[in-house]
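Fold and geometry: a report
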Amino acid sequence: TVALPLLHAFGVRAQAQAFPKRLVLFYNPNGSIPEAWSPAGADTQKEFALTPENLGEIHKPLAPFADRLLILGGIDLSVAELGPGGPHQRGIGSLYTGEQLQQGEFVDGCGKTAGWANGISVDQEVANVVSLDPAFGPTKFKSLELGVRATEADMQARISYAGPGLPLPPMNNPTDVWQRLFGEPLLIDPRKSVLDTVRAQFAALRSRVGAEDRGKLDQHLDFVKDLEIRVTGSAVAVNCTTPAKPDPTLEVSKADDMPRITTAQLDLLAHALACDLTRVASVQISTALNRILFPWIPRDPKAPMAYNWGMQEGHTLSHSADTDLGARAELVTHARWHAEQLAYFMNALNQFPEGSGTLLDNTLIVWGNEVSRGNTHSHVAMPLLVAGSLGGAIRTGRYVNFGPGMPHNRLLVSILNAMGIDTNAFGHPDFATGALSGLT
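As the structure is a prediction and not an experimental result, all values here were calculated from the model. (Residues numbered from 1 in each chain as written. Predicted model: local features only at pLDDT ≥ 70, side-chain atom pairs only at ≥ 80, totals over all residues. Heavy atoms only, no water.)

1. Focus on the sheet that holds strand β3 (residues 69-76)
Convention followed: We treat two strands as partners when DSSP finds at least two bridges between them. For the purposes of this entry, the term helix denotes a DSSP run of H or I that reaches at least four residues, the term strand denotes a run of E that reaches at least two, and both are numbered from the N terminus. Helix axes are fitted only over the stretch in contact, all axes being lines through C-alpha atoms; the angle between N-to-C directions runs from 0 to 180 degrees.
The sheet built from 8 strands is open, its strands ordered β2-β14-β3-β13-β12-β1-β9-β6 with mixed pairing. Each edge of the sheet is formed by a strand with only one pairing partner; in this case those strands are β2 (47-49) and β6 (144-148). The mean angle between the axes of side-by-side strands here comes to 20°, regardless of whether they run parallel or antiparallel. Note that β3 and strand β14 (residues 398-407) share 6 bridges and pair parallel. Within the sheet, the bridge partner assigned to leucine 70 lies in β14 and is arginine 398.

2. Concerning unusual backbone geometry
The phi angle of most residues is negative, glycine excepted, and most peptide bonds adopt the trans form. Test applied: Exposure categories follow from relative accessible area, calculated using a 1.4 Å probe and restricted to protein chains: below 20% of the type maximum is buried, above 50% is exposed, and the middle band is partly exposed.
Geometrically, the link from glycine 403 to proline 404 is a cis peptide bond, its omega value of 5° lying close to zero. Locating proline 404 in the fold gives a position in strand β14. For serine 286, which is not glycine, the phi dihedral falls at a positive 70°. Structurally, serine 286 is set in the loop between β9 (280-285) and α10 (314-318). The exposure class of serine 286 is buried, given its relative accessible area of 2%. Positive phi, close to 50°, is recorded for alanine 381, a residue that is not glycine. Tracing the backbone through its elements, the reader meets alanine 381 in the loop between β12 (363-368) and β13 (384-387). Here alanine 381 falls in the partly exposed class, since its relative accessible area comes to 44%.

In structure tokens:
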């Protein structure tokens, strides 16, 4: 008798939200080239529709998903101007926490020191809620932190925090990720088992009650059948397949293996989301230290012949002068490669059907950096991009300039609101002044 109203309530909730919401944070380091990042018209217009034609040079690989993108302008990493540490430290520590850094002994390239970020990151704030969503049941993993050549034990190598001073290290080896996610047989969806039990109990009870009670049971059984259809059509029941094991010979610190490691990590994450093993993740490609080369990227013909292509580590390269045309061309190709990885991931999500759409339609992806450009270390007008509409919670296919001077904490509040968390503040109290307007 007690179970009947609970089933009714569960059915109404499932009807209102047919699929779980997911959040994925992306990060790559050392800023961007503003004129190559911004879409055509961003210097004169506050808002316009994105098309494959007006995407900036860096975003061209994302052209097939122009209608799924929201490129943000005029947003500053204001909190990164506070507290200890150098600009890269303050930038990466505050990017997804909205908080300044603690005092500490980690040394920046300029000799300044700092500790871990002084707050929880937005992905973990979301994970604490959506991993236990009663409409869909708990996930096996509260969140998943993935890295690609993000192996340093340094605060410049962390973007996700469980709380103040509690960084979450990313997993850099796809083989380890596969073993953690898929190394043991996936259990049958417990929601289906519950429905089978309830249906059997209803059948047994129905044979022992009168006509009026049978009518009530039949009405509740309709709710169960409706819920069963939704569960059967969920990511767990339909989309969950075990991906192939990654190549065990891949070396996490080897530059030549970086492209294959990246796609392996993104494939594993897409399957983890499709299997509902987790609903929250972060993908960190390199670190703010960024002591890596990109030997697989071919020389851009626009680079002067005298330019020594591919010989500078990423961090050093990002410090090049604006007049260095060779360095500019190389930096743009690096940034475009990162855009290619995002496009690859979006396409992977788009292969998993959910209702009338796909897994991509129910996912929110946020792509950020710790500085706006490497040679100035500026935290003004940050390169920020959102992808995926989260079931219509975000209106994509647009460029929107919120500036000048809009604190990025308001974007973090907007992310929480879109994920169903009702709050008006996140991070440092000086900048947590509500959500951005006009995202929906």
